[in-house]
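So you can see what is in the structure, the chains are spelled out below.
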Amino acid sequence: MATASAPAQPVGPLAGKIIVLDPGHGNHTGEHSAAGNWEDDNVLAIAKDTAPLLRAMGATVHLTRTGPNLLGSRNNGDLTARVAKATAWHADVFVSIHQNYVNGAPDVTGVETFWDNPNSRELAQDLQSALVAGTGMVNRGTRAWPYWVVACNPMPAVLIEGGFLSNVAQAARISTPAFYAQEAHAIASGLRTYLSTPGVPLGAVPLVGRNKYVCSTMNPVQANVWLTARGL
Ligand SMILES: [Zn+2]
């Protein structure tokens, strides 16, 4: 008589790791190029290309959204829902994926990675290095900036701005399946580096200082007003 076999344990260099990928925006509330390519759609495609690469290395991967819609009200419930999901999933790390736009500076290009809590700095550096190496884009470096999804997330959390939709040539490039796959491989490579490094921060730790105060007493819109009034 056949007996039920135990579920297969994941194997691979990222076995046991829990990764949350966060495609920014939804409902076409993100940026868009002059040609009509939307950040919302591009970053969802990148996240969907990244997830199987990480699963093949044994990781458990969650996407905060898998469809075109926001998770809640724009800039408020939507952002708190992303953090709540990552927390409920007990994420080891959180990676928000965006594309950039700057008014009045059509020549600006490149990739940059934002972090805010001290436990996120090394993750930002590993991802930024992998993104520069893997895409060849201009290296705009890593920077601390209190975007809600990084400032208010208790686990190592970063926000990638991978290319500028305000630059015509770069917008065309970063809106193609070939680029989605290229950035996905770069993100997976950076996460493999980080998650294979002994002793790096993983999982939730209590927020401290400014972010503990802001994230526990304000909603994202109030927090943005408060932070901006104080020069962040
Ligand atoms: Zn964005």
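Rules of the game
Residues numbered from 1 in each chain as written. Predicted model: local features only at pLDDT ≥ 70, side-chain atom pairs only at ≥ 80, totals over all residues. Heavy atoms only, no water. Donors = N, O, S within 2.8 Å, 3.2 Å for Na, K, Ca; no water. Helix = DSSP H or I, 4+ residues; strand = E, 2+ residues; numbered from the N terminus. Disulfide = S-S within 2.5 Å. Buried < 20%, exposed > 50% of the residue type's maximum accessible area, 1.4 Å probe, protein only. Axes fitted to C-alpha atoms, helices over the stretch in contact; angles between N-to-C directions. Parallel < 35°, antiparallel > 145°, perpendicular 65-115°, else oblique. Left-handed = near helix turned anticlockwise from the far one by under 90°. Contact = heavy atoms within 4.5 Å. Nonpolar A, V, L, I, M, F, W, Y, C, P; charged D, E, K, R; others polar. Salt bridge = Lys/Arg side-chain N within 4 Å of Asp/Glu carboxyl O.

Caption draft 1: A look at the coordination of the zinc ion. Every protein donor of the zinc ion is listed here as His25 (NE2), Glu39 (OE) and His98 (ND1), and their distances to the metal cover 2.0 to 2.1 Å. When the donor residues of the zinc ion are listed from N- to C-terminus, their spacing reads H-x13-E-x58-H. Here glutamate 39 lies in helix α1 (residues 39–55) and histidine 25 lies in the loop between β1 (18–23) and α1, a separation of 14 residues in the sequence.

Caption draft 2: View of the state of the cysteines. For the coordinates displayed, the defined rule picks out one disulfide. Note that cysteine 152 is cross-linked by a disulfide to cysteine 215, the S-S spacing being 1.9 Å. Here the S-S torsion is close to -75°, and the disulfide linking cysteine 152 with cysteine 215 is therefore left-handed. Separated by 63 residues along the polypeptide, cysteine 152 in the loop between α4 (148–151) and β6 (157–164) and cysteine 215 in helix α7 (residues 209–217) bring together distant segments of the chain. The class of cysteine 152 is buried, set by a relative accessible area of 7%. Relative accessible area serves as the criterion here: at 18%, cysteine 215 is assigned to the buried category.

Caption draft 3: Summary view of the packing of helix α3 (residues 121–135) against helix α6 (residues 177–195). The interhelical angle for the contact between α3 and α6, taken along N-to-C directions, is 140°, at an axis separation of 8 Å. By the angle between their axes, α3 is oblique relative to α6. Note on packing geometry: the crossing formed by α3 with α6 is right-handed. Between α3 and α6, the residues in contact are Glu122, Leu123, Asp126, Leu127, Ala130, Leu131, Gly134 and Thr135 and Phe179, Gln182, Glu183, Ala186, Ile187, Ser189, Gly190, Leu191, Thr193 and Tyr194, respectively. Residue composition of the contact of α3 with α6, grouped by class: nine nonpolar, six polar and three charged.

Caption draft 4: Layout of unusual backbone geometry. With a phi close to 65°, asparagine 75 is a non-glycine residue in the positive phi region. Relative accessible area serves as the criterion here: at 43%, asparagine 75 is assigned to the partly exposed category. In the Ramachandran plot, histidine 90 falls in the positive-phi region, its phi being about 55° despite a non-glycine side chain. By secondary structure assignment, the location of histidine 90 is in the loop between α2 (77–88) and β3 (93–100).

Caption draft 5: Inspection of the pattern of salt bridges at higher detail. In this structure the tally under the stated criterion is five salt bridges. Linking arginine 82 and aspartate 78 is a salt bridge whose minimum nitrogen-to-oxygen distance equals 3.0 Å. Taken together, the residues span about one helical turn, with arginine 82 and aspartate 78 both in helix α2 at a distance of four residues. Close ionic contact of glutamate 112 with arginine 143 constitutes a salt bridge, the shortest N to O distance being 3.4 Å. With glutamate 112 in strand β4 (residues 111–115) and arginine 143 in strand β5 (residues 139–144), this pair connects stretches of sequence that are 31 residues apart.

The values reported here are purely geometric and, on their own, carry no functional implication.
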